[in-house]
Amino acid sequence: MSDIAAASKLRDKYTHFRILVIGRANAGKTTLLKRVCNTNEEPCIYDKTGKNLRGIHDINRPFSFASNPKFIFHDSPGFEAGDEAQLKVVQEFIKKCANATEVDDQLHAIWFCFTPDVSRFLFNLEMDFFNQERAGKAPVIAVFTKFDDFINQVFDIDLDDDDGNRSAAETKLAELQAPLFKCKFPPKASVCLEDMHFNDGAHQEQVKELIEKTAGSLDNLALKLLFVSIQQNNLELCMKYAVKHWAVPLIDLNSSVKMATSELKLKPVVEDCMKWFYHSYVS
């Protein structure tokens, strides 16, 4: 049995991919999730009985979007100055998910949203989150939202053009976020987003990057297969992993085919490749 076939059997035990989204007020979390799920509708928030609690946000109440219910989200406010209680709530939630015996209750990834602010880029409690060991193996992706606003914050009238100010903002952002990646348990990856609220913007290209960075941060092949196959933003990523896990291993470093085409059983190869595409089935 191939690694993909084995991972697929394990993947079948999961009904959804669970993501914890952390971020301060007005960080653009809801806008981001709508872009990820390709919708303008509000999320459906559920209690333990499955009742829809629209408009009520609580880290222990999962929510999803009708456009892609395979993604389950949990929302947490950011760690405002001095709010140690919220940090403990998040840590307990992550621990509870890590100790869950049912796969449907496990946490698979964390998107930590930051709104770049020159005056106060990182709160002490945010640094504490990344300096304290977290339960479980859910990778954290740092998502820097509203980069367009950050460009305005560092705008220099003496710079000749927009590209100059963008370059200056990118340099400043790298400088401000450097301490974050020097923490004991830093993010696995990071992305920078801008103009996500504009319907005619390049938001889907940015979402593709977030999806790719998240997939690359997952160590568990079954979870990677689950995540890549249910996301609907990046078809190229499905193709990339299908090729990576089957086409590439069949070729050695000298680019010579390891087995003759006539000897290769194509159906298992095609079946395993198609497992990366959620809406495709091979009989």
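Parameters and conventions
Sequence order as written defines the numbering, with residues in each chain counted from 1. pLDDT decides what is reported in this predicted model: residues at 70 or higher carry local features, side-chain atom pairs at 80 or more are listed and counted, and totals for whole chains, interfaces and linings draw on all residues regardless. Just so you know, side-chain values use all the structure's heavy atoms and leave hydrogens and water out. What counts as a helix is a DSSP run of H or I of at least four residues, what counts as a strand is a run of E of at least two, and both are numbered from the N terminus. A simple rule labels every residue: compare its accessible area, found with a 1.4 Å probe on the protein chains alone, to the largest value its type can have, and call it buried under 20%, exposed over 50%, or partly exposed in between. Whether two residues are in contact is decided by their heavy atoms: any pair within 4.5 Å suffices. The accessible surface values rely on the Shrake-Rupley method and a 1.4 Å probe; as for residues, cover is taken only from the protein chains in view. In this analysis, strands are considered paired if DSSP registers two or more bridges between them. Whenever a helix is involved, its axis is fitted only over the stretch in contact; in every case the axis is a line through C-alpha atoms, and angles between N-to-C directions fall within 0 to 180 degrees. Note on angle classes: values under 35 degrees are labelled roughly parallel, values over 145 roughly antiparallel, values of 65 to 115 roughly perpendicular, and the remainder oblique. Polar here means any residue other than Ala, Val, Leu, Ile, Met, Phe, Trp, Tyr, Cys and Pro, which are nonpolar, and Asp, Glu, Lys and Arg, which are charged; Gly is therefore polar. The working definition used for a salt bridge is a side-chain nitrogen of Lys or Arg within 4 Å of a carboxyl oxygen of Asp or Glu. What makes a crossing left-handed is the near helix being turned counterclockwise from the far one by less than a right angle; a clockwise turn instead makes it right-handed. Here pLDDT means the predictor's own confidence in every residue, given as a number from 0 to 100.

Here the focus is the overall build of the protein chain. For the protein chain, the count of helices and strands is ten helices and seven strands. Here the protein chain holds 283 residues, and the buried ones make up 44% of them. Long-range contacts, defined here as pairs at least 24 residues apart, represent 69% of the contacts in the protein chain between residues at least 6 apart. Accessible area for the protein chain stands at about 15,100 Å²; split by element, carbon and sulfur atoms hold 51% of it.

Looking now at the pairing of strand S4 (residues 71–77). The buried count for S4 comes to six of seven residues, which makes it a mostly enclosed element. Note that strand S1 (residues 17–23) and S4 share seven bridges and pair parallel. Within the sheet, the bridge partner assigned to Phe 17 lies in S4 and is Phe 71.

Axis separation between helix H2 (residues 29–36) and helix H7 (residues 203–217) bottoms out at 10 Å; the angle between their running directions is 90°. As far as their axial angle goes, H7 and H2 are roughly perpendicular. Between H2 and H7, the residues in contact are Leu 32, Arg 35 and Val 36 and His 203, Gln 204, Val 207, Leu 210 and Ile 211, respectively. Among the residues making up the contact of H2 with H7, the classes are represented as five nonpolar, two polar and one charged.

Once that is clear, we can look at the pattern of salt bridges. What the rule picks out here adds up to six salt bridges. Residue Glu 126 is joined to Arg 24 by a salt bridge in which the shortest nitrogen-to-oxygen separation is 2.9 Å. Note that Glu 126 is positioned in helix H4 (residues 124–131) and Arg 24 in the loop between S1 and H2, a separation of 102 residues in sequence. Note on accessibility: Glu 126 and Arg 24 belong to one class, buried. Across the pair Lys 188 and Asp 219 runs a salt bridge whose closest N-O atoms are separated by 3.6 Å. On the criterion of sequence distance, the pair formed by Lys 188 in the loop between helix H6 (162–177) and strand S7 (189–192) and Asp 219 in the loop between H7 and helix H8 (221–230) is long-range, its members being 31 residues apart. Using a relative accessible area of 69% as the deciding quantity, one classes Asp 219 as exposed.

Right, let's talk about the pairing of S1 for a bit. Across the seven residues that make up S1, a large majority, seven, are buried. Judged by which residues are buried, S1 turns out to be covered on both faces: Phe 17, Ile 19, Val 21 and Gly 23 on one side and Arg 18, Leu 20 and Ile 22 on the other are all buried. Bridging between S1 and strand S5 (residues 109–114) involves five bridges; their strand directions are parallel. Following the sheet pairing, Ile 19 is matched in S5 by Ala 109.

As a further point, take the packing of helix H3 (residues 84–98) against H4. Helix packing geometry: the angle between the two helix axes and the distance between the axes. Axis separation between H3 and H4 bottoms out at 10 Å; the angle between their running directions is 25°. Classified by the angle their axes make, H3 and H4 are roughly parallel. For the pair H3 and H4, the sense of crossing is right-handed. Residue-level inspection shows Glu 84, Leu 87, Val 90 and Ile 94 of H3 in contact with H4, the latter providing Leu 125, Asp 128 and Phe 129. Considering only residue class, the contact of H3 with H4 consists of five nonpolar, no polar and two charged.

Turning to the confidence of the model for the protein chain, a few remarks are in order. Should the pLDDT be low somewhere, the predicted coordinates at that spot are not to be read in detail. Across the protein chain, pLDDT averages 77, with 68% of residues at or above 70. Ranking the elements of the protein chain by mean pLDDT puts helix H10 (residues 266–274) last with 59 and S5 first with 94.

Of the positions making up H4, those classed as buried are Leu 125, Glu 126, Met 127, Phe 129 and Phe 130. For H4, the elements touching its buried residues are S1, H3, S5 and strand S6 (140–144).

Attention now moves to the environment of Asp 83. As for its position among the elements, Asp 83 is in the loop between S4 and H3. Considered as a pair, Asp 83 and Leu 125 are 42 residues apart in the sequence and their alpha carbons are 7.7 Å apart.

Position of Gln 177 among the secondary structure elements: in helix H6. Taking the relative accessible area as the measure of exposure, Gln 177 reaches 15% and is therefore buried. Once residues lying within four places of it in the same chain are set aside, the contact partners of Gln 177 are Phe 121 and Phe 144.

Right, let's talk about the side chain of Gln 206 for a bit. Within the secondary structure layout, Gln 206 lies in helix H7. For Gln 206, a relative accessible area of 11% translates into the label buried. Excluding its chain neighbours within four sequence positions, the residues that come into contact with Gln 206 are Cys 192, Leu 193, Glu 194 and Met 196.

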